[in-house]
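If you want the building blocks of each chain, they are given just below.
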Amino acid sequence: MPELPEVETTRRGLEPWVSGKKITRITIRQASLRWSVPEKKIQLLRGQVIHRVSRRAKYLLFHADPGVLLIHLGMSGSLRILETHQPPQPHDHVDIHFGNLCLRYRDPRRFGAILWATDPQHHPLLEPLGPEPLSEQFDGAFLFRRSRKRKVAVKNFIMNSRIVVGVGNIYASEALFMAGIDPRRPAGRISLKRYMKLAGAIRQVLTSAIEAGGTTLRDFVGSSGNPGYFSQELNVYGREGQPCPRCGGAIQKTIIGQRSTFFCRMCQR
DNA sequence: ATGGTCCCCTGACCGC
DNA sequence: TGCGGTCAGGGGACCA
């Protein structure tokens with residue numbers, strides 16, 4: 001999946017195409033995603049105008065008068081704008097038509113979700129989420145405070161969406177490298193000073209990825225239909241055995257919380 | 001509350 | 001070229 005920068009890039013790409021536009025038709029070919037797509041509720045959108053597209057964590061929110069369409073891209077989802085007559089390809093599960101344009105959802109692995117919320121503020125998936133990493137509430141003091149007495153590895157801690165949203169597996173490794181913190185270190189045993197550095201690194205890595213239009217590894221296709229081009233900027237992710245850009249030592253790979261983790265033993269303590 | 005594990009699904013890739 | 005095994009960026013549901 002798209003990490004947060006890809007989701008934000010998608011949002012920005014879609015917004016001008018769908019904001020203020022009226023939905024003329026919705027086609028659901030495959031309702032079996034992570035959760036079953038609630039077809040009846042979603043059909044309420046027919047004839048309605050999408051007022052704006054916002055984002056909370058990695059969920060995209062399409063706002064209309066009767067409610068909000070929530071879309072999560074999972075690991076392999078993408079959204080793109082097409083002309084309505086374009087025939088669907090395999091894994092193109094849902095079309096939302098706006099006259100002669102079509103917003104098409106594709107998701108080969110079907111880990112994504114399309115849901116309906118009348119009150120997104122209190123939706124069970126959104127309510128428990130921590131702050132946005134690019135918001136003012138998120139800083140080193142916040143991470144320090146929330147981490148006291150916690151034994152979980154700091155990488156898991158920053159990937160926990162109840163703590164802070166939007167830090168996926170790639171950028172967790174990248175931010176910890178930038179901050180010089182060993183990803184295996186217990187979250188509760190890291191100083192305020194180091195958390196300030198980590199919070200800054202998280203902001204920076206996400207911001208620069210958004211500016212670059214999002215990282216692309218395998219599955220992401222931008223809303224323009226063109227793949228991104230940022231993966232070569234990664235310092236440690238996917239670089240096991242290659243030289244650390246800072247000290248030249250070999251990048252290590254380990255598994256933390258069932259996920260691949262890359263770091264430099266010399267630079268990260 | 002916290003921490004750890006499991007899994008939804010398909011496709012890409014690697015070694016034989 | 002085919003085949004089987006392994007792995008993948010998310011993250012909710014469970015369990016102890």
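Computed from a predicted model, the values in this text were never measured in an experiment. (Residues numbered from 1 in each chain as written. Chains lettered and ligands numbered in written order. Predicted model: local features only at pLDDT ≥ 70, side-chain atom pairs only at ≥ 80, totals over all residues. Heavy atoms only, no water.)

Turning our attention to the nonpolar core. By size, the foremost hydrophobic cluster in this structure holds 28 residues, and its most contacted members are Phe62, Leu79 and Ile114. The residues touching Ile114, leaving out its near neighbours within four places in the chain, are Leu33, Val37, Pro38, Ile42, Leu69, Leu70, Ile71, Val94 and Tyr105. Membership of the second largest hydrophobic core comes to 27 residues, among which are Phe138, Leu143, Ala201 and Val205. (Core = buried A, V, L, I, M, F, W, Y, C linked by side-chain atoms within 4.5 Å. Buried < 20%, exposed > 50% of the residue type's maximum accessible area, 1.4 Å probe, protein only. Contact = heavy atoms within 4.5 Å.)

On to the protein's contact with DNA strand B. As a matter of local geometry, DNA strand B sits amid His91, Pro108, Arg109, Arg110, Phe111, Arg150, Lys151, Val152 and Gln258. Of what DNA strand B places within 4 Å of the protein, 53% of the atoms are sugar or phosphate. A distance of 3.4 Å separates a sugar or linking oxygen of DNA strand B from a polar atom in the backbone of Pro108. One of the backbone nitrogen or oxygen atoms of Val152 is found 3.2 Å away from a phosphate oxygen of DNA strand B. (Near = heavy atom within 4 Å. Polar contact = N/O pair within 3.5 Å; in protein donor to acceptor, adjacent residues only side chain to side chain.)

Okay, the domain arrangement of chain A next. Many structure descriptions define interface size as the accessible area lost when the parts assemble. For chain A, the assigned domains are domain 1 (4-122) and domain 2 (140-263). Taken over C-alpha atoms, the centre of domain 1 sits 28 Å from the centre of domain 2. (Domains from an automatic or database assignment.)

Among the structural elements, Asp92 can be located in strand E8 (residues 92-98). Relative accessible area serves as the criterion here: at 3%, Asp92 is assigned to the buried category. Excluding its chain neighbours within four sequence positions, the residues that come into contact with Asp92 are Arg29, Arg104, Tyr105 and Arg106. (Helix = DSSP H or I, 4+ residues; strand = E, 2+ residues; numbered from the N terminus.)

A few words now on the packing of helix H3 (residues 140-147) against helix H6 (residues 192-211). The relative placement of two packed helices is expressed as an angle between their axes plus a distance between the axes. Following both chains from N to C, one finds H3 and H6 inclined at 125°, their axes separated by 7 Å at the closest point. Here H3 lies oblique to H6, going by the angle between them. The two elements H3 and H6 cross, and the hand of that crossing is right-handed. Mapping the contact onto sequence places Gly140, Ala141, Leu143, Phe144 and Ser147 in H3 and Leu192, Tyr195, Met196, Leu198 and Ala199 in H6. (Axes fitted to C-alpha atoms, helices over the stretch in contact; angles between N-to-C directions. Parallel < 35°, antiparallel > 145°, perpendicular 65-115°, else oblique. Left-handed = near helix turned anticlockwise from the far one by under 90°.)

Once that is clear, we can look at helix H5 (residues 169-179). Because an α-helix completes one turn every 3.6 residues, residues spaced three or four positions apart along the sequence face the same direction. Across the 11 residues of H5, 10 count as buried, placing the element largely inside the fold. Taken together, the buried positions of H5 are Asn169, Ile170, Tyr171, Ala172, Ser173, Glu174, Ala175, Leu176, Phe177 and Ala179. Looking at the buried residues of H5, the elements they touch are helix H1 (4-18), helix H4 (154-159), H6 and strand E12 (259-263). Positive phi appears at Gly180, one or two residues downstream of H5, with a value of about 70°.

As a further point, take the pairing of strand E10 (residues 113-117). The element E10 is largely enclosed, with a buried count of 5 among its 5 residues. Neither face of E10 is left uncovered, since the one carrying Ala113, Leu115 and Ala117 and the one carrying Ile114 and Trp116 both have all their residues buried.

What follows deals with the pattern of salt bridges. Using the criterion set out here, one finds 11 salt bridges in the structure. Across the pair Arg55 and Glu8 runs a salt bridge, and its minimum N-O distance is 2.7 Å. Taken together, the residues Arg55 in strand E4 (residues 52-56) and Glu8 in helix H1 connect sequence positions 47 residues apart. Glu8 matches Arg55 in its accessibility class, with the two residues each being buried. (Salt bridge = Lys/Arg side-chain N within 4 Å of Asp/Glu carboxyl O.)

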